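Each chain, written out:
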Amino acid sequence: MSMIVARMQKMKAGNLIGIGNHNQRKTENHSNKDIDPSLSDLNYDLVNHTENYKKDIENFINENKSSIRAVRKDAVLINEWIITSDKKFFENLSNEETRDFFQAAKDHFAENFGEENIRYAIVHLDESTPHMHMGIVPFDKDKKLSAKRVFNREALRNVQEDLPKHLQEQGFDIERGIEGSERKNLTVPEFKEMKNEQKEIERTIEIKKNELLAYTKELKIDNELDFQVLKEKKEVEVETDEKNLFGKPKMKKVEKYTGSLIISEKDFLGMREKINNGKKSQERLNNILKTDFYKENEGLEKKIQELSKENYRLIEEKNKVTKLNNKQISMYYDLEEDNKLLNTQISELKQEISFIYRITKEFFKERTDDLEAFKSIFKDWADNVSTNLQNNNLIGYFKKEYDKDNRIKTNKKPGFDLEDLKRRADEINKSNKKEKSNKKNRDFVR
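Numbering of residues starts from 1 in each chain and follows the order in which that chain's sequence is written. pLDDT decides what is reported in this predicted model: residues at 70 or higher carry local features, side-chain atom pairs at 80 or more are listed and counted, and totals for whole chains, interfaces and linings draw on all residues regardless. Excluded from the side-chain calculation are hydrogens and water; included are all heavy atoms of the structure.

S.K.: Looking at this structure, how should I read the layout of surface pockets?
M.R.: It is the rolling of a water-molecule-sized probe over the atoms that shows where space remains empty. Here a cavity denotes a set of grid points, spaced 1 Å apart and computed over the protein atoms alone, in which a 1.4 Å probe fits but from which it cannot get out, and a pocket denotes an open set meeting protein on both sides within 12 Å along at least five of seven lines; residues with an atom within 4 Å of a point are reported as lining. Grid points are joined across faces, edges and corners, and a volume is the space filled by probe spheres set on the points. As a volume, the second largest pocket reaches approximately 540 Å³. Along the wall of the second largest pocket there are 19 residues; nearest its centre are Val 71, Arg 72, Ala 75, Leu 145 and Ser 146. Think of it this way: any DSSP run of H or I at least four residues long counts as a helix, any run of E at least two long counts as a strand, and we number them from the N terminus. Looking at the lining of the second largest pocket, the elements with two or more residues in it are strand E2 (5-12) and helix H5 (147-150). Per-element tally for the lining of the second largest pocket: the top contributor is H5, with three residues. Each residue is assigned to one of three groups, with Ala, Val, Leu, Ile, Met, Phe, Trp, Tyr, Cys and Pro labelled nonpolar, Asp, Glu, Lys and Arg labelled charged, and all others, Gly among them, labelled polar. Residues that form the lining of the second largest pocket fall into these classes: six nonpolar, three polar and 10 charged.

Below, the structure is given as structure tokens:
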């Protein structure tokens, strides 16, 4: 399966003119020899909000940025992404499918980084492999320009993870590249230089391979030999045009080549040694070709892909475990916050109960002389509540207040029950109301 290539390059103001001329093919002489000018008419735009990269992009930033401060001269104005795959991947796609592929990739970036922030997306078909240049202004949600925040490490990792999944959902047979923490994003020149080096290596391997196969195909002896060779001759009788007395053709002896060659024994042994050496060389080369040199290389590449997939699977599992762990940690912190809230509420309730006790005590203190009896009855009531609620800590405030007021006295004084306390409190309230009413009448008479 082919792999997606998504590489990012940071563009500052000084880079925009050059990249604009390259992307829009504004010059006739290209430094990139892979460009075929006769095919440049096949290039097309998916997004084109600018004819002058530097001027139009700077205007867009100044008109939309939330800050009133001027943009720094060394600020990154555009993060340009190159989206492509290997040549074999595009050979299996029609022109329409190729356009759909780049459109799907562009839509994924638009969803995650804002459609309006994509100022250009141009597809080049005039080079060896189709690819798309896409420029994104690094505006965050608050319209603040910051390439570091928008395209941080997490965002770059998400692109490498989510983009191939999105393309797979759109029906493209593609997977993410090999993951590695030491890999870095290549600039456009670095990427093209790497591709050129790869092509040169492939050409060198092909040449050496052909030379090796041609050499092992047939071993020949040089036409110019370094020893003397004689042609063997033999006398034989042949017929002539003359006839004898009996009417038969007369015979004569002539020398004729037998088809054999005559060499000295020394030269023969030397030639045989060379032939044997040649056979041994050919046998060694054939043995090399019969080994698993190429097959082993293919096997290793396959093994690397399998290990990469296994590594990707393990990373997926690790991410799931990490998410679950993060969820549990979040739940723990939520419970901890709830616990703090409950403790606060309990503390407030304790204070309220203590306050109620003090107010109640003062209320009865003002309205009855038998305060000691009230305290005794109130403590009995608190003990009863504590027993029923099984919460000695909460009701402890009543006991604490009672013990504080009765430190000197060790024995409870006889008093009355809670119902009697309520009855007496009601009588006192009625008496107070009656007294107030009589006082008002007296004041009115005066």
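Still to come is the rest of the account.
S.K.: Got a minute to help me understand the pairing of strand E9 (residues 249-262) in this structure?
M.R.: Note on strand geometry: in a regular strand, side chains alternate between the two faces of the sheet. The pairing of strand E8 (residues 230-243) with E9 spans 10 bridges and is classified as antiparallel. Across the sheet, Leu 230 pairs through a bridge with Ile 262, a residue of E9. Strands pair, by our definition, only if DSSP identifies at least two bridges between them. Between E8 and E9, which pair antiparallel in sequence order, lie five residues; one of them, Gly 247, sits at a positive phi of approximately 90 degrees.

S.K.: When you look at helix H4 (residues 95-113) in this model, what are you seeing that I'm missing?
M.R.: Expected helix span is given by 1.5 Å per residue-to-residue step, counting one fewer step than there are residues. Between its terminal C-alpha atoms H4 stretches 27 Å, which fits the 27 Å expected from 19 residues at 1.5 Å a residue. Where H4 is concerned, the buried positions are Thr 98, Phe 101, Phe 102, Ala 104, Ala 105, Lys 106, His 108, Phe 109, Ala 110 and Phe 113. Among the residues trailing H4, Gly 114 stands out with phi positive, at a value near 95 degrees. Here's how the labels work: a residue is buried when its accessible area is under 20% of the maximum for its type, exposed when over 50%, partly exposed in between, all with a 1.4 Å probe on protein chains only.

S.K.: I keep staring at the pairing of strand E6 (residues 131-136) and nothing clicks. Help me out?
M.R.: Counting buried positions along E6 gives six out of six residues, so the element sits mostly inside the fold. Of the two faces of E6, the one lined by His 131, His 133 and Gly 135 and the one lined by Met 132, Met 134 and Ile 136 are each fully buried. Here six bridges tie strand E4 (residues 76-84) to E6, and the two strands are oriented antiparallel to one another. When the bridges of E6 are listed, Ile 82 appears paired with His 133. As defined by bridge partners, strand E5 (residues 118-124) adjoins E6 across six bridges and the pair is classed as antiparallel. Bridging from a neighbouring strand, Ile 122 pairs with His 133 of E6.

S.K.: I tried to follow the sheet that holds E6 on my own but got confused; where do I start?
M.R.: Whether parallel or antiparallel, the strands of a sheet pair through hydrogen bonds between backbone atoms. Taking strand neighbours across the sheet as the criterion, the five strands line up as E2-E4-E6-E5-E3 in an open arrangement whose pairing is antiparallel. A single partner strand is all that each edge strand has here, and the edge strands are E2 and strand E3 (44-48). Geometrically, the sheet is characterised by an average inter-axis angle of 15 degrees between neighbouring strands, direction not taken into account. Interaxial angle, 0 to 180 degrees, is taken between N-to-C directions of lines fitted to C-alpha atoms, where a helix line uses only the stretch in contact.

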